[in-house]
Amino acid sequence: MANVVVVGAQWGDEGKGKIVDWLSERADVIARFQGGHNAGHTLVIDGEVFKLSLLPSGIVRKGKMAVIGNGVVLDPWALFTEIDKLAAQGVAISPENLMIAENAPLILPLHQDLDRLREEAAGASKIGTTGRGIGPAYEDKVGRRAIRVADLGDEETLDARLDRLLAHHDPLRKGLGAEPIDRAELRAKLLEIAPKLLAYAQPVWKVLNDDRRAGKRILFEGAQGSLLDIDFGTYPYVTSSTTMSGMASTGTGLGPSSIGFVLGIVKAYTTRVGSGPFPTELDDADGQRLGERGHEFGTVTGRKRRCGWFDAVLVRQTCAISGVNGIALTKLDVLDGFDTLKICVGYEIDGKKYDHLPTAAALQAKVTPIYEEMEGWHESTQGARSWAQLPAAAIKYVRRIEELIQCPVALLSTSPERDDTILVTDPFAD
Ligand code: IMP
């Protein structure tokens, strides 16, 4: 049985929520494997809008198991706020349809403090984080001082974990001019939420391995995007997790041999939120138009997204690193009405040509994109459900993208509505 991993192939906000929802109809289990509530996935189902940050997109469908894997950093208070919000929209969430890895590390209020304090101290060189405490929580995981879900089940363990954690954080806070942590308050808060959270805790690796053996279809839902990857992204302007497909295995406990198809989500142009290099960024009327037509505002922070032309160099690079088998191309309709479109096909730095983005920050800062111009189209592609409904120039644009990124289109999305999707290859097919 083919299990599918979905990853964003750009800087996030590629429209993963809709595609995951579309695929989740075919899946039995939907698992998040990295990131936290810095993600913002918008689903539109029968005109109703669902906004998800931490919960897997499949949660809105009946009869599916949603999983939060160990690779995720989990803010328990944000989780229950999101659960309550969805309940108000008629989505019932219980341990029947949600399980959380026992070994997932927690995001605590002190992580959010640190995120904010560091960003404030960085001034102009700030990362532009979502302020959710993601980076500091991952630091504590790797630093072996995180509090994990299972630790909440035993007060003695929790006390030992708190000692270790505060021995690190209190001096750090002092250096940043912040008050020490109120240990008693934090401990009480954790013990208060513990039974609620522990009701969902499972050895996710085991359940998923059993599910796989039973022939269930598993969909792994990536968050953020490949260019925000801690290793391969535009470091240090990245998030703190591995956003590439390989994380689906280590972030849940199901080995890589269980993954049959890697689907890269690719927007028909490029956007980015926060600071950092962006070679094809447009600071003109075209960029403005992309932002307005594409409603490019962050789901989590409401920040305006930076917009630019499609960068085939970067997408080729991320598809290679994640081993993408096929892409889902989204928001093609945002390009309707442009006379000409540009695609970045290479870079020039100090007179030298590059077919990839070099790692050195000094070189990245000097990148000049090499563009290929393509004819635009004036017909509407919005809501198209077959190739026959697309103008010839739009098909040409899509075909050129496939050629340049060396990866075929498996799905084409033409509006936020889940049924406005053209299927070329079913990622779940064996
Ligand atoms: P953090 O993940 O909050 O630490 O933010 C680090 C960088 O990742 C910032 O540039 C954020 O804007 C970006 N980022 C984090 N999550 C998302 C997302 O879901 N979509 C797009 N950008 C994101």
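None of the values given here were measured: they were computed from a predicted structure.

A. Representation of the UniProt feature "binding site: substrate" (unreviewed entry) in the chain within the structure. UniProt tags T299, V300, T301, G302, R303, K304 and R305 as "binding site: substrate" (unreviewed entry). Within the secondary structure, G302 is located in the loop between α9 (285-293) and β11 (306-308). Judged by relative accessible area, G302 falls into the partly exposed class, the value being 44%. Structurally, the position occupied by R305 is in the loop between α9 and β11.

B. Seen up close, the site of the ligand. Neighbouring the ligand are 16 residues, the closest being D13, N38, T130, T239 and R303. For the ligand, an oxygen atom lies 3.4 Å from a polar atom in the backbone of G128. Contact distances for the ligand include 3.4 Å between a nitrogen atom and a side-chain N or O atom of Q224. In terms of residue class, the shell around the ligand is built from six nonpolar, eight polar and two charged.

C. Region of interest: the nonpolar core. Counting residues in hydrophobic clusters, the biggest one holds 92 residues, and the most contacted among them are L55, L79, L98 and Y397. If near-sequence neighbours (up to four positions away) are discounted, L98 is found in contact with L55, P56, I59, M65, A66, I68, I83, I93 and Y200. If you look at the next biggest cluster of nonpolar residues, it comprises 16 residues, including I19, V20, A27 and F428.

D. Main features of the packing of aromatic side chains. Taken as a whole, this structure holds four aromatic pairs when the rule is applied. Taking 5.2 Å as the distance between ring centres and 50 degrees as the angle between the ring planes, the aromatic pair formed by W11 and F278 counts as tilted. Taken together, the positions of W11 in the loop between β1 (3-8) and α1 (16-24) and F278 in the loop between β10 (270-272) and α9 put the pair 267 residues apart, joining distant regions of the chain. In this structure, W11 and F278 share a single accessibility class: buried. The aromatic ring of W77 is capped on one face by K189, whose charged end is 4.8 Å from the ring centroid. The side chain of R289 reaches across the aromatic face of F338, ending 4.6 Å from its centre.

E. Just α1, in detail. The element α1 is extensively covered by neighbouring structure, given that nine of its nine residues are classed as buried. By the burial criterion, the buried members of α1 are K16, G17, K18, I19, V20, D21, W22, L23 and S24.

F. Layout of the side chain of S258. Relative to the helices and strands, S258 is located in the loop between α8 (247-250) and β9 (259-267). Look at S258 and you get buried, because its relative accessible area is 9%. Of note is the side chain of S258, whose polar atom sits 3.3 Å from the side chain of R212. Setting aside its immediate chain neighbours within four residues, S258 contacts N3 and R212.

G. Spatial organisation of the sheet that holds β1. The strand order across the open sheet formed by ten strands is β7-β6-β5-β2-β8-β1-β9-β13-β17-β18, and the pairing between neighbours is mixed. Where the open sheet ends on each side, the last strands, each with one partner, are β7 (201-202) and β18 (421-423). Direction of pairing for β1 relative to β9: parallel, over a ladder of six bridges. Bridged to V4 within β9 is F261. Where α1 meets the sheet, it contacts β1, β2 (29-32), β8 (218-221), β9, β13 (326-330), β17 (409-413) and β18, and its direction lies at approximately 170 degrees from that of β1.

H. Region of interest: helix α2 (residues 76-88). The end-to-end C-alpha distance of α2 is 19 Å, a good match for the 18 Å that 13 residues give at a rise of 1.5 Å each. All of the buried residues along α2 are P76, A78, L79, F80, E82, I83 and L86. At its buried positions, α2 is contacted by β4 (48-52), β5 (65-68), β6 (98-101) and α6 (183-198). Between a side-chain oxygen at the N-terminus of α2 and the backbone nitrogen of W77 the separation is 2.9 Å; the capping residue is D75. G90 lies just past α2 and shows a positive phi near 90 degrees.

I. Representation of the side chain of S245 in the model. By the element assignment, S245 lies in the loop between β8 and α8. Looking at S245, the relative accessible area reads 10%, which means it is buried. Not counting residues up to four positions away in its chain, the partners in contact with S245 are V5, V7, V262 and S322.

J. Fine view of the pattern of salt bridges. In the structure shown here, the tally under the stated rule is 26 salt bridges. Measuring nitrogen to oxygen at the nearest pair gives 3.7 Å for the salt bridge that ties E120 to R116. Of this pair, E120 and R116 both sit in helix α3 (residues 109-122), separated by four residues, roughly a single helical turn. One salt bridge connects D211 with K216, and the closest N-O pair in it is separated by 3.8 Å. Through salt bridges with shared partners, a single ionic network connects D13, K267, E296, R305 and K331.

Cut-offs used in this document
Residues numbered from 1 in each chain as written. Predicted model: local features only at pLDDT ≥ 70, side-chain atom pairs only at ≥ 80, totals over all residues. Heavy atoms only, no water. UniProt positions renumbered as here; feature names shortened; annotations may be inferred. Helix = DSSP H or I, 4+ residues; strand = E, 2+ residues; numbered from the N terminus. Buried < 20%, exposed > 50% of the residue type's maximum accessible area, 1.4 Å probe, protein only. Near = heavy atom within 4 Å. Polar contact = N/O pair within 3.5 Å; in protein donor to acceptor, adjacent residues only side chain to side chain. Nonpolar A, V, L, I, M, F, W, Y, C, P; charged D, E, K, R; others polar. Core = buried A, V, L, I, M, F, W, Y, C linked by side-chain atoms within 4.5 Å. Contact = heavy atoms within 4.5 Å. Phe/Tyr/Trp six-rings, centres within 6.5 Å; stacked < 30°, edge-to-face > 60°. Lys NZ or Arg CZ within 6 Å of the ring centre and 35° of its normal. Pairing = 2+ DSSP bridges. Axes fitted to C-alpha atoms, helices over the stretch in contact; angles between N-to-C directions. Expected span 1.5 Å × (residues − 1). Salt bridge = Lys/Arg side-chain N within 4 Å of Asp/Glu carboxyl O.

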